[in-house]
Amino acid sequence: MEKYLRTWRQGALNRGQYDAAVYIGDKVLALTDSDSDAFWLAQAHFNNNNFTRALALLSRGDLIAKNSSCRYLAAYCYIKENQFDQALSILGEQNPTDLVRSNNSRRKIQHLNGQSHVTLRNGKHTVAHAERGEDRERDDDGSVRFEASMCYLRGLCFAKQNAFDRARDCYKDAVRIDVQCFEAYDQLMKNSLMSPTEELEFLESLDFDSVSSPDPALAQEAAHFTKMLYTTRLSKYSAPSVLSDATETLSTHYNLAGNPDILLSRAEALYTQCRFAEALELTSSILSTPQMNDLTSPTGASSLAHSHVGHTPAVYPLHLACLYETGATNALFLLSHTLADHAPEEPYTYLAIGIYYLAVSKVAEARRFFSKASLLDPHSAPAWIGFAHTFAAEGEHDQAIAAYSTAARLFQGSHLPQLFLGMQHLALNNMALAHEYLCAAYAMSTGAAPGSTLSLPPASSEVPLGGDPLVLNELGVVFYHQNNLPAAVEMFRQALMLAASLHSEPGAWVATRANMGHALRRLGRLPEALREFEECLRVGAGGTSLGYSPFLGGGAGGSAALATASGVGGYEDRGLVGSLHTSRGILLLELGRIGEAVTALHEAVRVLGASGAGGGDAAGGAGVAGTLLNRALELWSLEGRERDLQQGVEEGARSSNSRSTNRKGRERTGTNESNRRRIRHAGYAEEWTDEVTHSGTAEAAETMEERIEMQLDDKADSILGRALGRVRPGGRQRRTPRPASPLIEGETPARSTRRERAQRSQSRQ
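As annotated in an unreviewed UniProt entry, the protein chain carries the name Putative Cell division cycle and is attributed to Penicillium brasilianum.

And the structure:
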């Protein structure tokens, strides 16, 4: 009868029929009065959320003291009731470090066996066999696995009490005792309790050879498979090549290419490379996989709504961030409403609403929903970072620094809070504090020792420093403001090299390239600076979204710290493009290429005028570009006048030489006519000079037309004079020389010339 009732009880537990399991389990315990049946009845109460009844049952007969599994379940009940002190009183505050399995000790035993490729359970050495026998006894009893699980529960208690250092140590000991204690490993990774380099070192120290398999021949493969699964959870800044190899092997060799966790790992790597569109494609494919086919119809609005719910919570923060980066506000609005309708108690629902309000510049509403998300999940890094971003977006730097400091305390292994703290101090012009925080962020992202001094590589180094390129960009901005221009150029160069090595989207680092162009300009390396700005415009013309790092002159914290909220062609992109045209125009002015500078500044005014219609920085940039354009036009006009004047002088000289030659051949022409032509020629020259000095390009063109007309008149007069000399009696006669009248000499050249032309026209009539 006991066997029959136990089978019934286990079947009810497997089917989720907890009331039936409690009812039948109580009858089994009454019949047997065994500790095992008491534990299973308490397990049924726990699954049915009856934590008090489970604790009451475990307290009878001193089961907590006698059995490790009962002690684990009792502590878990107290944690579910938020009684963390009572849970620690049962668990104790010390971890059983004597159970920690060392990878090095396993290798020593394998060396004693003489077969390094054979696992310990197949070894023939007596010492190894004895040790494995003890491990088997512990595993059969379940005590080792329950001890590891209790270390995990200690970590939960310490984390709830904000003792994150002790929580991290408990989680690490749990995985070291039992490498298959994934809950503890997951807490370490998702809460960023270790730096990227520490994560990689911890993974290599784990004893994956202890992984058991039903088939001993597959033990080594099982250990390798487990290690690859754990590798995909590492920070994407630690070892990109190792991460890529693990993901590729799991996708191809084990056919896990469509698994949501593998797709999520790929999407996280793409996001760190600023390839937001590709990451969004992967997260959208995860959410498009229906998870509730049995509950909803395959067609209709209900199916469309449920296609975005029921997935692992880890996918939503990344998907929302990708939507924000690509400017998909409509998709954010739809997803927020869907989650609010179908998952109103989940933290990521309020995170989605907050991100939507931030995307549409409703900062106060965004802050309220970020706060709600952080209350529901105090260890949600996206909620805390978003909450701090709302203060930064409004220029409330003190409140932003306080929020970022809280995030830095909660997520000690992440470099992002330190990076944002440095950006806020940079916006406040606190260069010393900014440099300190950014160096700390650099140490975390690259694995350097905390507090180490940032050493610059030689200028000829072609190997990037590693880590996050945005940290190097911000360090370059600090050096720029400290007038350490060579170091700033080197930081910007390293940031671009690192971004290229990570295969990042080029458009995301346009601002960094522009920063290097400004630094080169101040160093006097104008041709190099011009090439950088032209490269920025070339990348921007390719249709990619233009970056999220701030310019040198901008507020390096604000909305720029959150990345650009607009997609292709947004206001922020147009403002950046306009600034690039302005910078290019300045360089062209300094290089003396005035015509090209006018074109560049005109384009800057056009772009900034379109993006700055509502005021703000873009409108101010349009004003600066307009002022520079006016100055460039003045210089261009003066340059054109000088060129036209030089051309006129050259043509006048050539015309004068031609007329002197003609006069030598026509010495018989009257002196009076020669004097009149001299006066007329002088008048032309003076008129040209006066017109160029006081008129624009149009008047200069008109003067040239008048001059040509006058030359034609001279030729006509000479021809007419020769014809009249032939028909007059007495042959050709010389005219009596007539001196220039004082009236003509005193008048302006232009007016005297016009009078002579009028007199000639009247005489012809």
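Let us keep going from here.
A.B. asks: Describe in detail unusual backbone geometry, supporting the description with residues and values.
C.D. replies: The phi dihedral of Asn49 is positive, around 60 degrees, even though this residue is not glycine. Relative to the assigned elements, Asn49 resides in the loop between helix H3 (35-47) and helix H4 (51-59). One non-glycine residue with positive phi stands out, namely Cys274, at about 65 degrees. The buried category is assigned to Cys274, whose relative accessible area is 4%.

A.B. asks: Give me the pattern of salt bridges: which residues, what numbers.
C.D. replies: Applying the stated criterion across every chain yields a total of 25 salt bridges. Put simply, Asp26 and Lys27 hold a salt bridge, and the shortest N to O gap is 3.6 Å. Residue Asp26 is classed as partly exposed on the basis of its relative accessible area, which comes to 37%. One salt bridge connects Glu268 with Lys236, and the closest N-O pair in it is separated by 2.8 Å. Separated by 32 residues along the polypeptide, Glu268 in helix H16 (residues 260-272) and Lys236 in the loop between helix H14 (219-231) and helix H15 (240-252) bring together distant segments of the chain. Judged by its relative accessible area of 27%, Glu268 is partly exposed. Taken together, the shared-partner salt bridges connect Arg6, Arg9 and Asp37 into one network.

A.B. asks: Pulling in residues and values, what's your account of the side chain of Lys236?
C.D. replies: Overall, the relative accessible area of 11% leaves Lys236 in the buried class. A polar contact is formed between the side chain of Lys236 and the backbone oxygen of Leu234, at a distance of 3.0 Å. Here Glu268 takes part through its side chain, which lies 2.8 Å from a polar atom of the side chain of Lys236.

A.B. asks: Could you give an account of the packing of aromatic side chains, naming the residues involved and the relevant values?
C.D. replies: Evaluated as defined, the whole model comprises 20 aromatic pairs. Their ring planes at 70 degrees and their centres at 5.7 Å tell us that Phe39 and Trp40 sit as a pair that is edge-to-face. Classification of Phe39 as buried rests on a relative accessible area of 12%. Here Trp40 falls in the partly exposed class, since its relative accessible area comes to 30%. One aromatic cluster is present, built from ring pairs that chain together Phe46, Phe51, Tyr72, Tyr76 and Phe146. The aromatic ring of Tyr23 is capped on one face by Lys27, whose charged end is 3.6 Å from the ring centroid. Here Lys372 stacks its cationic end above the ring of Tyr350, 5.7 Å away from the centre of that ring.

Cut-offs used in this document
Residues numbered from 1 in each chain as written. Predicted model: local features only at pLDDT ≥ 70, side-chain atom pairs only at ≥ 80, totals over all residues. Heavy atoms only, no water. Helix = DSSP H or I, 4+ residues; strand = E, 2+ residues; numbered from the N terminus. Buried < 20%, exposed > 50% of the residue type's maximum accessible area, 1.4 Å probe, protein only. Salt bridge = Lys/Arg side-chain N within 4 Å of Asp/Glu carboxyl O. Polar contact = N/O pair within 3.5 Å; in protein donor to acceptor, adjacent residues only side chain to side chain. Phe/Tyr/Trp six-rings, centres within 6.5 Å; stacked < 30°, edge-to-face > 60°. Lys NZ or Arg CZ within 6 Å of the ring centre and 35° of its normal.

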